Amino acid sequence: MIEINAIKCHIGGMASITIRNLDESTKQALRERAARNGRSMEEEARLLLAELEQGAGSVEVAASGRPQAGPAVAARPSPEPAISGFPAAGKRVLLIISGGIAAYKSLDLIRRLRERGVRVRAVMTAAAQQFITPLSVGALTADKVFTDLFDREDEHDVGHIRLARDCDLVVVAPATADLMAKMANGLANDLASTALLATNRPVLIAPAMNPAMWSHKATRRNAESLRRDGIHFIGPMAGEMAESGEAGEGRMAEPMQVVEKIGELLDTRPKPLKGKRAIVTSGPTHEPIDPVRYIANRSSGKQGHAIAEALADLGAEVILVSGPVSIPDPKGCEVVRVESAREMQRMVEAALPADIAVMVAAVADWRSKGEAKEKMKKEGGKGPSHLELTENPDILKGLGHHKQRPGLLIGFAAETEKIVEHARAKLERKKADWIVANDVSPDSGIGTTEGGVMGGDRNRVRILTREGVEEWPELTKQQVARRLAARICDHLAAVTATA
Ligand code: PMT
């Protein structure tokens, strides 16, 4: 058993734990427990201390074999992430911070990763410490910060080889031209470059440097070698440089872009739609009347975008054709932006062939017949101008009759009365396989405080197929999207099984 006082620890400036001060038997017990849990001794000791601080008094660790029964304390579960559903939650990232003005972005990166349940351990180069301090990095990682290859204490507790491998992904952010050059040439003369040479984990780098340095032939060569070696890149982005008033390609990607890339690289969820191509439409269309006016509707794009993202999450290659919306692009999708119904139709047809098409957009049924070249004038005393309308093409119906008809064609129906009856008529008329019907009337009782189904965050849908009608409960639009994506997977699996 390790008693609380048996672990001689000192919480220094960076909350370090001195394992070499422990007596041999305690150290052996800790070593075995760490090995069983796949952690470093230092990490194991830190978790034990955290348990003890929470009032356990003592933590039982068998000198050999399994942990003893009794008041033993299991390893502390990671704190509940503030933001759930991140594909890399529970994973461990070794963040290497090299020296550049963009080092300040690594602080935000640590915060964003931790609030998504990712454990972050940091290594800082000497140059990085000229820009930000180990104190601030350690405060955000809630862990020791590693800075020195020849630190006797660190080598004893963790060791640079273990440090390089005790993680799921190594992230270098920012990655300077100097560190990239070392990586490309296999140099290992400090802790960061040694860890990068010793790691057997995937590596992601976020280059950040002056545009002239990024476009220099030597850096281009190094970047090319690193890509060939399988190193993943995010950025650099084009824009203004923080330090010099210069602009060009060389800015470090924003912390959230790095977070998304990390999520992508560490996403181990099953991808049943891998190899399938899906077209999704979303949002309203804007039908011009004159250069400043248009016909539109209240669709926000929330439902269509959520469906696009849910399909991409399951591995589909998704082309989202979206009308004008003010919400962010869904993750993992190629987004094609359009204004009018005719433009949407062109882009949808250009995206064929597809295995799946989900037509969620609220396409305007009519447009103004002839767009006025000049702003239409209010002519005093003559009353309102007459607006002549003409019918827009029906994109869904066009796909239903297309020679490259998608294998599974799903339409939506926005109804205010006789929901099932009207939706069923659309299923037949437009030659769709399924229609997702939703009640968009103001008295549907759904999301009334947010403006209803069209524009709001919730939906209640019925799925009409040739076999019947499924009633789904009221859900968030993300839940509807995930259920629909899962329903699509099941359907395609059943079709494959019977083929
Ligand atoms: O965007 P949100 O605020 O999240 O709101 C979501 C939504 C209410 C817009 C969505 O859930 C929805 O119901 N979308 C379909 C809206 C619609 O135009 O319904 P409709 O019944 O008029 O059209 C039936 C189907 O034909 C739809 O798949 C539509 O995309 C398609 N259509 C309609 C007209 C047209 N000219 N071409 C089409 O392809």
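Every value quoted in this text rests on a predicted model; they were computed, and no experiment measured them. (Residues numbered from 1 in each chain as written. Predicted model: local features only at pLDDT ≥ 70, side-chain atom pairs only at ≥ 80, totals over all residues.)

What should I look at first to understand the overall build of the chain in this one?
Regarding its fold elements, the chain presents 16 helices and 24 strands. In the chain, buried positions account for 40% of the 499 residues. Here the contacts in the chain between residues at least 6 apart in sequence split such that 68% fall between residues at least 24 apart. (Helix = DSSP H or I, 4+ residues; strand = E, 2+ residues; numbered from the N terminus. Buried ≥ 20, exposed ≤ 12 C-beta atoms within 10 Å, placed from the backbone. Contact = placed C-beta atoms within 7 Å.)

Please explain the site of the ligand as it appears in this structure.
Around the ligand sit 29 residues, and of these Ser300, Gln303, Ile395, Gly411 and Phe412 come closest. Among the elements of the structure, α12 (302–313), α14 (395–400) and β19 (408–415) are those that each provide at least two residues to the shell around the ligand. Take the shell around the ligand: its biggest share by element is four residues, from β19. A class-by-class count of the residues in the shell around the ligand yields 14 nonpolar, 10 polar and five charged. (Near = placed C-beta within 6 Å. Nonpolar A, V, L, I, M, F, W, Y, C, P; charged D, E, K, R; others polar.)

Which parts of the structure should I look at to understand unusual backbone geometry?
The bulk of non-glycine residues show a negative phi, and the bulk of peptide bonds are trans. The step from Gly235 to Pro236 runs through a cis peptide bond, and the omega angle for that step is 10 degrees. As for its placement among the helices and strands, Pro236 is situated in the loop between β8 (232–233) and β9 (237–240). Even without being glycine, Lys418 reaches a positive phi, approximately 40 degrees. If you trace the backbone, Lys418 turns up in the loop between β19 and α15 (419–429). Unusually for a residue other than glycine, Lys431 sits at a positive phi of about 55 degrees. Among the secondary structure elements, Lys431 is positioned in the loop between α15 and β20 (434–439).

Teacher, can you tell me more about the nonpolar core here?
Grouped burial of nonpolar side chains is what soluble globular proteins tend to show. Counting residues in hydrophobic clusters, the biggest one holds 57 residues, and the most contacted among them are Ala278, Val280, Ile307, Leu311, Val318 and Ala357. Per-element tally for this core: the top contributor is α12, with six residues. Among residues more than four places away in sequence, those in contact with Ala278 are Leu311, Ala316, Val318, Ala354, Asp355, Ile356, Ala357 and Val358. Within the second largest apolar cluster, 56 residues are counted, among which are Val171, Ala175, Met252 and Val259. (Core = buried A, V, L, I, M, F, W, Y, C linked by C-beta atoms within 7 Å.)

Please explain the sheet that holds strand β4 (residues 119–124) as it appears in this structure.
Strand-to-strand pairing in sheets goes through backbone hydrogen bonds, with the strands running parallel or antiparallel. Spatially, β5-β4-β3-β6-β7-β8 is the arrangement adopted by the six strands of the open sheet, whose pairing is parallel. Strands with a single pairing partner mark the edges of an open sheet, and in this sheet they are β5 (145–146) and β8. As paired elements, strand β7 (residues 203–207) and β8 share two bridges and run parallel to each other. Its bridge partner lying in β8, Ile205 is registered against Phe233. (Pairing = 2+ DSSP bridges.)

When you look at the environment of Ala312 in this model, what are you seeing that I'm missing?
Within the secondary structure layout, Ala312 lies in helix α12. Residues within four places of Ala312 in sequence aside, it is in contact with Val318, Pro330, Lys331, Gly332 and Cys333.

Is there a simple way to think about helix α7 (residues 177–185) in this case?
Helical geometry: 3.6 residues make up each α-helical turn, so side chains three or four residues apart lie on a common side. Listed in full, the buried residues belonging to α7 are Ala177, Leu179, Met180, Lys182, Met183 and Ala184. Following α7 by one or two positions, Gly186 adopts a phi angle in the positive range, close to 70 degrees.

Looking at this structure, I do not really get the sheet that holds strand β16 (residues 356–359). What am I missing?
The strand order across the open sheet formed by eight strands is β15-β14-β11-β16-β19-β20-β22-β23, and the pairing between neighbours is mixed. Each of the sheet's edge strands pairs with one partner strand only, and the pair in question is β15 (333–337) and β23 (469–471). With direction set aside, neighbouring strand axes in the sheet form an average angle of 15 degrees. Running over the sheet, α12 touches β11 (277–282), β14 (317–322), β15 and β16 and is turned about 165 degrees from β11. Against the sheet, helix α16 (residues 477–498) makes contact with β16, β19, β20 and β22 (461–464), and its axis sits at roughly 145 degrees relative to β19, the strand it touches most. (Axes fitted to C-alpha atoms, helices over the stretch in contact; angles between N-to-C directions.)

Explain the packing of α7 against helix α10 (residues 217–228) here, please?
Packed helix pairs are specified by the crossing angle of their axes together with the interaxial distance, meaning the distance between the axes. The interhelical angle for the contact between α7 and α10, taken along N-to-C directions, is 50 degrees, at an axis separation of 9 Å. When the interaxial angle is binned, α7 and α10 end up oblique. Relative to α10, α7 is oriented so that their crossing is left-handed. Residue-level inspection shows Ala177, Met180, Ala181, Met183 and Ala184 of α7 in contact with α10, the latter providing Thr219, Asn222, Ala223, Ser225 and Leu226. Partitioning the contact of α7 with α10 into residue classes produces seven nonpolar, three polar and no charged. (Parallel < 35°, antiparallel > 145°, perpendicular 65-115°, else oblique. Left-handed = near helix turned anticlockwise from the far one by under 90°.)

Please explain α10 as it appears in this structure.
The end-to-end C-alpha distance of α10, which contains 12 residues, comes to 16 Å, matching closely the 16 Å that a straight helix rising 1.5 Å per residue would cover. By the burial criterion, the buried members of α10 are Thr219, Asn222, Ala223 and Leu226. Each buried residue of α10 sits inside an arc of 100 degrees when the element is viewed along its axis, so together they form one side. Facing away from the buried side of α10, by more than 90 degrees, are the exposed residues Lys217, Arg220, Arg221, Glu224 and Arg228. Positive phi appears at Gly230, one or two residues downstream of α10, with a value of about 90 degrees. (Expected span 1.5 Å × (residues − 1). Arc of directions from axis to C-beta.)

Teacher, can you tell me more about the environment of Arg228 here?
Positionally, Arg228 belongs in helix α10. Remark: the alpha-carbon pair of Arg228 and Ala184, spanning 44 residues in sequence, is separated by 9.8 Å.

What is the right way to read the pairing of β11 from this model?
A regular strand places its side chains so that they alternate between the two faces of the sheet. Within β11, five of the six residues are buried, which leaves it mostly tucked inside the rest of the structure. With six bridges joining them, β11 and β14 adopt parallel strand pairing. Its bridge partner lying in β14, Thr281 is registered against Val321.

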